[in-house]
Amino acid sequence: MSSVIDAETWIGRSSGGTPVGVHHLTVDALLAEMDRVGVDRACVHHVVAREHDPTTGNELLLEAVADQPRLVPVATLLPHHTGEFMHPRDYRERLFDRGVRMVRVQPAADLHSHRFPLREWAFGPALAVLEDARVPLVIDFGLFRRAEPPWDTVAAVLAEHPDLPVILPEIQARNNRSLYPLLERYPSLVVQSQGYFVHNGIEDLVTRFGPDRVVLASGFPTKSMGGALFHVERALIADSARDQILGGNLARLLRLEDAS
Amino acid sequence: MSLCKDPPSNLALIIDAHAHLGAFRNFHIPGHDADGLIAAMDSFGIDRTVLSAHAAISSDVRRGNDETTQAVRAFPDRLAGYCVVNPNYPDEVAEELDRCFASGCFVGIKLHPELHGDYPLDGPGYQPMWAFANDRRLPVLTHTYFGGDRIEVIELLAQTYGDSQILIGHAGLDLGLDQVAAAVNDHDNLWLELCGALSFRGHVEVLAERVPVERLLLGTDMPFINAASQLGTLLFADLPREDIEKIAGGNARVLFERSALP
């Protein structure tokens, strides 16, 4: 059995956003929850990169997880044109060579996101570098409840960069009629279990598209790591498929040492 | 019955107090029929589920209530029904309630004011329902949402129909935590049903601090959404085991025993 790997966690001091829940998470607290629940490794980003400034947050992240082999750093990217963020030609030296194996973007225009077009004319150079390096891209549109991703944007990225693994979080419960045609057409598209709230959803997706299109993700500490694990562990799928979702797929995408 | 009662769902009793049944126009739901629900319940360790049909809340209410009846008759030891009333047919509300409860398949009433045209909970179309629920001391589960009635309306109904038991759906997430907690503390017949609140870590722990834990009820909204992520969040909550037992099923047993949950 592969290691259990959580594709989506964060550390740092958050503004809160809601009056309840966890607003501040340390590396030690993250590791403690992983031990309590039974997660071996976790991909992690820094909440300062999400809420404030990606350059600052990425540095805080790399410093915090430098000596933590169970934590895989996930850098947050912006376009480079304004000078707020590094040029894509520097990704390798300043991110990948320092342990970053996955990246995330928050391109939506709402007040909580980073407001940039995920299009060739703005982000194409970055996508090309990621594709060349086979570094998976998590596209976080800040979806909640009844929202849906801008599917044409997702389709364009998948079509223009077929070798770039694209991971969608928080798809919510209502988007299979848009998601399925993309899964059919683009084998590089992967779904996070986090926020994929479809009843019998993992089961149906695995039946139709195979076991390699879903990865375990929790969104901890905003969401429950135990709840995320329960979601996958009780899915009515073959154990071999479950192993892939719990860690095998992500180990392969991240090229971790235990990838089979 | 082949429940998966391995840890962490090895609780004495798990009752889902908010579920549905059948297709919904707005999105694809795999395995939304009674067989699909039972398979999921078995996998998650859920003993009993109280449900209303999507057709009843969003289309022909009689057709939907009939779907619920058929599902409960197919699995009488696992499923029980909420009778849905549609306030847009005010002259049929009392008759539909009589029809539902004569069948023996229903243990409560479900209201979805949002899908019934943002109908006010205290509007005349709901009056026969409130009288019926009050007379029979029935649970009434109401959906809550940003655009719906404020908590003050629910409080007034709880006061006016003091023998009904009002379940505030989604823990009244959109109505304000402080206001909802105060209302539950002020009215013995207000309960918080947790689906939606269980989408986030930490909410149930805060609610358990702010209101009597005996007034919190597990709900999943299955198959509208996946039940595992809701139940799993409760099972791993930072609460004493006895509190999790109460929220997962003990409280619902107390509530629904009055209306003959099988």
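Criteria and thresholds
- Residues numbered from 1 in each chain as written.
- Chains lettered and ligands numbered in written order.
- Predicted model: local features only at pLDDT ≥ 70, side-chain atom pairs only at ≥ 80, totals over all residues.
- Heavy atoms only, no water.
- Helix = DSSP H or I, 4+ residues; strand = E, 2+ residues; numbered from the N terminus.
- Rg over C-alpha atoms; globule rule 2.2 N^0.38 Å.
- Buried < 20%, exposed > 50% of the residue type's maximum accessible area, 1.4 Å probe, protein only.
- Contact = heavy atoms within 4.5 Å.
- Disulfide = S-S within 2.5 Å.
- Polar contact = N/O pair within 3.5 Å; in protein donor to acceptor, adjacent residues only side chain to side chain.
- Salt bridge = Lys/Arg side-chain N within 4 Å of Asp/Glu carboxyl O.
- Nonpolar A, V, L, I, M, F, W, Y, C, P; charged D, E, K, R; others polar.
- Pairing = 2+ DSSP bridges.
- Right-handed = clockwise from strand over helix to strand, strands pointing away.
- Core = buried A, V, L, I, M, F, W, Y, C linked by side-chain atoms within 4.5 Å.

1. Considerations on the overall build of chain A
In step 1: From N to C terminus, chain A includes ten helices and nine strands.
In step 2: Computed over C-alpha atoms, the radius of gyration of chain A comes to 17 Å, within 12% of the 18 Å expected from 2.2 N^0.38 for 260 residues, which places it in the range of a compact globule.
In step 3: With the C-alpha coordinates aligned to their principal axes, the bounding extent of chain A is approximately 50 × 40 × 40 Å.
In step 4: Here chain A holds 260 residues, and 63% of them are scored as buried.
In step 5: In chain A, 71% of the contacts between residues at least 6 apart in sequence involve partners at least 24 apart.

2. A look at the state of the cysteines
All names here are of chain B.
In step 1: Applying the stated criterion to the full structure yields one disulfide over all chains.
In step 2: Considering cysteine sulfurs only, C83 is the nearest to C195, which forms no disulfide, with 19 Å between them.
In step 3: Among the residues examined, C195 registers a relative accessible area of 0% and is labelled buried.

3. Examining helix α9 (residues 225-233) of chain A
In step 1: Most of α9 of chain A sits inside the fold, with eight of its nine residues counted as buried.
In step 2: Among the residues of α9 of chain A, those classed as buried are M225, G226, G227, A228, L229, F230, H231 and V232 of chain A.
In step 3: Looking at the buried positions of α9 of chain A, the neighbouring elements they touch are β1 (5-13), α1 (27-37), α8 (201-209) and α10 (239-254) of chain A together with α1 (34-44) and α9 (227-235) of chain B.
In step 4: N-capping of α9 of chain A is provided by S224 of chain A, with a side-chain oxygen placed 3.4 Å from the backbone N of G226 of chain A.

4. Topic: the pattern of salt bridges
All names here are of chain A.
In step 1: The tally for this structure, following the rule as stated, stands at 19 salt bridges over all chains.
In step 2: A salt bridge links R104 to E8; the nearest nitrogen and oxygen atoms lie 2.6 Å apart. Of this pair, R104 sits in strand β5 (residues 102-105) while E8 sits in strand β1; the two residues are 96 residues apart in sequence, bridging distant segments of the chain. For the pair shown, R104 and E8 are each scored as buried.

5. Quick look at the interface of chain B and chain A
In step 1: In this complex, chain B contributes 44 residues to the contact, which on the side of chain A involves 32 residues.
In step 2: Where chain B touches chain A, the interface holds zero salt bridges.
In step 3: Mapped by element, the contributors of at least two residues to the side of chain B that touches chain A are α1, α8 (203-210) and α9 of chain B.
In step 4: Per-class residue counts for the side of chain B that touches chain A are 23 nonpolar, 16 polar and five charged.

6. Here's the deal with the pairing of strand β7 (residues 190-193) of chain B
All names here are of chain B.
In step 1: Side chains L190 and L192 of β7 all project onto a buried face; the interleaved residues W191 and E193 project onto the opposite face, where all are buried too.
In step 2: Direction of pairing for strand β6 (residues 165-168) relative to β7: parallel, over a ladder of three bridges. Considered in β7, the bridge of L167 is made with W191.
In step 3: Taken together, β6, helix α7 (residues 177-186) and β7 constitute a β-α-β crossover, and its handedness is right-handed.
In step 4: In this structure, β7 lies alongside strand β8 (residues 216-217), joined through two bridges in parallel fashion. Its bridge partner being in β8, L192 is matched across the sheet by L216.

7. Quick look at the nonpolar core
Buried together is how nonpolar side chains tend to be arranged in soluble globular proteins.
In step 1: Judged by nonpolar contacts, the single largest core of 146 residues is most densely connected at Y91 and L179 of chain A together with I109 and M129 of chain B.
In step 2: When residues in this core are grouped by element, the largest group, six residues, is from α1 of chain B.
In step 3: Sequence-distant contacts of Y91 of chain A, defined by excluding residues within four places in its chain, comprise L77, L78, F85, M86, F96, F123, A126, V129 and L130 of chain A.
In step 4: V72, V215, A217 and L254 of chain A belong to the second largest nonpolar core, which has 16 residues in total.

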